[in-house]
Amino acid sequence: MKLNKYISLLSAISLLIAPSCSQEDAPLKPLAEVSLENTLSTYNSLTFVWSKVPSATQYGYEMYDNYDNLVVRSVTEQTEVTVSNLKAASEYTMKVWAYAAIGSDMTCSHPSELKASTDPLKMLGAPSVEYDIVGGRYIFSWSNVPNAEGYSYTLTNSDGEIVRTGETTSRTALFTELIKGEYTFYVKATTTKGGYEKEGETASLTFTIA
C-alpha cells in the first residue's frame with residue numbers, strides 16, 4: 001500500500017516538471033536575420049539598404065556613433081533608412097532587426113550589425129597667383145577655384161608682420177604705397193557649401209621692392 005502511494009507521488013511530480021509539447025505552448029521561431037546589403041554615404045548622411053525578410057511586417061533599427069552614443073532609434077516598414085545630420089569622416093554602427101506580425105508563430109530576428117563611415121569634407125584647391133606693377137600699384141590676380149564663393153588674402157613683410165588683409169568675391173587685390181623690402185602675398189579660396197572645408201589650400205607669392 002505504501003509502495004503504491006510512493007509510485008503515484010513520483011508520477012505526479014514528473015508531470016509537473018516535464019516540458020509541454022503542445023502546439024499552443026511551443027516556443028516562437030525567430031525570423032531570419034536582416035541582410036544588410038548596401039550602404040550609400042555623403043559627408044553628412046548614411047543610407048542602409050537590406051533585403052526583405054519573409055514574414056516580417058516592419059524593422060527596428062538603432063544607430064550608434066564611434067563612442068557608442070545612440071544617434072537614432074526607430075521603426076520602419078521600408079527596407080532602407082537614411083540618417084542625416086551626421087559628422088563628416090566619422091564611423092557609425094547600424095543595428096537592424098525584423099519584427100513579425102502580432103499573433104503569428106514567429107518572433108523578432110536577432111539584430112544584424114554593419115559599420116559605415118561618412119565621407120570626408122573636400123578641400124578647395126589652391127589658386128595660381130601672379131602680380132603686375134602699374135604706376136606704382138601692385139595688382140595681384142589669381143585663377144578661379146571651383147566651388148569657391150570668395151577669397152581671403154594677406155600681405156606680410158619680411159618679419160612676418162601683417163601689412164594688410166582682406167576678403168573679396170573677385171580675383172584681384174590692389175596695394176599701394178608699399179615701402180622697400182620683401183613681402184609675401186597669401187590667398188586662399190573660401191566657401192560655405194556643404195561637403196567642403198570652409199577654407200581651401202593657400203597659395204603664396206614672395207616679391208621684393210628695391
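Scroll up a little and you will see the structure.
Residues numbered from 1 in each chain as written. Predicted model: local features only at pLDDT ≥ 70, side-chain atom pairs only at ≥ 80, totals over all residues. Heavy atoms only, no water.

Peer 1: Explanation requested: the overall build of the protein in the structure shown.
Peer 2: When its secondary structure is counted, the protein shows one helix and 16 strands. Here the protein holds 210 residues, and the buried ones make up 31% of them. Across the protein, the fraction of contacts at a sequence separation of at least 24, relative to all contacts at a separation of at least 6, is 59%. Accessible surface, the protein: about 13,600 Å² in total, of which carbon and sulfur atoms supply 50%. (Helix = DSSP H or I, 4+ residues; strand = E, 2+ residues; numbered from the N terminus. Buried < 20%, exposed > 50% of the residue type's maximum accessible area, 1.4 Å probe, protein only. Contact = heavy atoms within 4.5 Å. Areas by Shrake-Rupley, 256 points an atom, 1.4 Å probe, with all protein chains shown as cover.)

Peer 1: What should I look at first to understand the sheet that holds strand E7 (residues 91-100) in this one?
Peer 2: Backbone hydrogen bonds are what pair the strands of a sheet, in a parallel or an antiparallel way. The antiparallel open sheet is built from four strands, whose spatial order is E5-E4-E7-E9. Strand pairing shows two members of the sheet lacking a second neighbour, strand E5 (70-76) and strand E9 (112-117), which therefore form its edges. Each neighbouring strand pair of the sheet contributes to a mean axis angle of 20°, computed without reference to strand direction. Relative to E7, strand E4 (residues 56-65) is paired through nine bridges, and the arrangement is antiparallel. Following the sheet pairing, Tyr61 is matched in E7 by Val96. (Pairing = 2+ DSSP bridges. Axes fitted to C-alpha atoms, helices over the stretch in contact; angles between N-to-C directions.)

Peer 1: Could you clarify how one ought to interpret the packing of aromatic side chains in this entry?
Peer 2: Any two aromatic rings considered together are summarised by their centre-to-centre distance and by the angle between their planes. Counted under the stated rule, the structure contains 15 aromatic pairs. Linked through ring pairs, Tyr131, Tyr138, Phe140, Trp142, Tyr151, Tyr153, Phe175, Tyr183, Phe185 and Phe207 together constitute an aromatic cluster. (Phe/Tyr/Trp six-rings, centres within 6.5 Å; stacked < 30°, edge-to-face > 60°.)

Peer 1: Explain the sheet that holds strand E14 (residues 172-175) here, please?
Peer 2: Taken in spatial order, the three strands line up as E10-E11-E14 in an open sheet, and their pairing is antiparallel. Edge strands, defined here as strands with exactly one partner in the open sheet, are strand E10 (129-134) and E14. Mean inter-strand twist for the sheet, computed between neighbouring axes without regard to direction, equals 20°. When strand E11 (residues 137-142) meets E14, the two strands line up antiparallel, connected through four bridges.

Peer 1: Looking at this structure, how should I read the pattern of salt bridges?
Peer 2: Opposite charge on two side chains lets them pair, provided their charged atoms get close. A full pass over the atoms with the stated rule returns two salt bridges. Between Glu62 and Arg73 there is a salt bridge, and its shortest N-O distance comes to 2.8 Å. Of the two residues, Glu62 is situated in strand E4 and Arg73 in strand E5; the sequence distance between them amounts to 11 residues. According to the relative accessible area criterion, Glu62 is buried, its value standing at 13%. Among the residues examined, Arg73 registers a relative accessible area of 54% and is labelled exposed. (Salt bridge = Lys/Arg side-chain N within 4 Å of Asp/Glu carboxyl O.)

Peer 1: Can you help me understand the nonpolar core in this one?
Peer 2: Nonpolar side chains in soluble globular proteins generally cluster together in the buried interior. Counting residues in hydrophobic clusters, the biggest one holds 21 residues, and the most contacted among them are Phe140, Trp142, Phe175, Phe185 and Phe207. Contacts of Phe207, omitting those with residues within four sequence positions, involve Tyr131, Tyr138, Phe140, Leu155, Leu178, Gly181, Glu182 and Tyr183. Counting 20 residues, the second largest nonpolar core, distinct from the first, contains Val81, Val83, Leu86 and Ala100. (Core = buried A, V, L, I, M, F, W, Y, C linked by side-chain atoms within 4.5 Å.)

Peer 1: Got a minute to help me understand the environment of Leu178 in this structure?
Peer 2: Turning to its location among the elements, Leu178 is positioned in the loop between E14 and strand E15 (181-190). Through-space distance from the C-alpha of Leu178 to that of Val163 is 9.2 Å; in sequence the pair is 15 residues apart. The residues touching Leu178, leaving out its near neighbours within four places in the chain, are Tyr138, Leu155, Val163, Tyr183, Phe207 and Ile209.

Peer 1: Honestly, the environment of Val72 in this entry has me stumped. Any pointers?
Peer 2: Looking at the element boundaries, Val72 is found in strand E5. For the pair Val72 and Tyr61, spaced 11 residues apart in the sequence, the C-alpha separation amounts to 8.0 Å.

Peer 1: How should I be thinking about unusual backbone geometry in this particular structure?
Peer 2: Peptide bonds are, in most cases, trans, and in most cases residues other than glycine have a negative phi. Phi angles above zero are rare outside glycine, and Ser55 is one such case at about 75°. The topology assignment puts Ser55 in the loop between strand E3 (46-50) and E4. Residue classification places Ser55 among the exposed positions, given a relative accessible area of 52%. In the Ramachandran plot, Asn147 falls in the positive-phi region, its phi being about 75° despite a non-glycine side chain. Summarising the element assignment, Asn147 is placed in the loop between E11 and strand E12 (150-157).

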